[in-house]
Amino acid sequence: VQLQASGGGLVQAGDSLRLSCAASGRTFSNYGMGWFRQAPGKGREFVAGISRTGNKILYSDSAKGRFTISRDNAENTVYLQMNSLKPEDSAVYYCASGESVVSTSSKVHEYDWWGQGTLVTVSS
């Protein structure tokens, strides 16, 4: 699976952004998808995950109530709607999927395929 993330940018605290991740190469609807982020000097952190049909969703504590993950299997795309952004949300955001990810997973090592990342910067 090839993954292409987009939608990042520079915003102010309280603003919203929608990230997109377009997939190609395999049957998109066969796999769960995840969004992760990595801030400078920190490890890769789980943000949200969605099962292959979209009926199961998992969020990190920091994302709950502010972020919404969704997918459009007809368009081979997964989205991350981010509202009420905070400076601590600043990071490179990655979409990911994996051979064994059919439901949701927060574990980095379970994901085999990663997008190139899109930078989100939130100013205070």
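Notes on the structure follow.

Cut-offs and rules
- Residues numbered from 1 in each chain as written.
- Predicted model: local features only at pLDDT ≥ 70, side-chain atom pairs only at ≥ 80, totals over all residues.
- Heavy atoms only, no water.
- Helix = DSSP H or I, 4+ residues; strand = E, 2+ residues; numbered from the N terminus.
- Pairing = 2+ DSSP bridges.
- Axes fitted to C-alpha atoms, helices over the stretch in contact; angles between N-to-C directions.
- Disulfide = S-S within 2.5 Å.
- Buried < 20%, exposed > 50% of the residue type's maximum accessible area, 1.4 Å probe, protein only.

Thoughts on unusual backbone geometry
For Asn-76, which is not glycine, the phi dihedral falls at a positive 55°. Within the secondary structure, Asn-76 sits in the loop between β7 (67–72) and β8 (77–82). Phi at Ser-84 takes a positive value of approximately 50°, unusual for a residue other than glycine. Among the structural elements, Ser-84 can be located in the loop between β8 and β9 (91–97).

Section: the sheet that holds β7
Judged by pairing direction, the sheet is antiparallel, and its four strands sit side by side in the order β1-β3-β8-β7 without closing on themselves. In the strand order of this sheet, the two ends are held by β1 (2–6) and β7, each with one partner. Taken over all neighbouring pairs, the strand axes of this sheet differ in orientation by 15° on average, direction set aside.

Re the state of the cysteines
Within this structure, the stated rule accounts for one disulfide. There is a disulfide in this structure between Cys-21 and Cys-95, and the S-S distance comes to 2.1 Å. Disulfide Cys-21-Cys-95: the torsion about the S-S bond is 65°, which places it as right-handed. Taken together, the residues span a long stretch of sequence, with Cys-21 in strand β3 (residues 17–24) and Cys-95 in strand β9 at a distance of 74 residues. Overall, the relative accessible area of 0% leaves Cys-21 in the buried class. Judged by relative accessible area, Cys-95 falls into the buried class, the value being 0%.

Remarks on the pairing of β8
The element β8 is largely enclosed, with a buried count of five among its six residues. Where β3 lies against β8, six bridges are found, and the strand directions are antiparallel. Residue pairing for β8: Leu-19 is matched across the bridge by Leu-80. Sheet topology places β7 next to β8; six bridges connect them, and they run antiparallel. Residue pairing across strands places Asp-72 opposite Thr-77, the latter belonging to β8. Between β7 and the antiparallel strand that follows it, β8, lie four residues; Asn-76 among them carries a positive phi value of about 55°.

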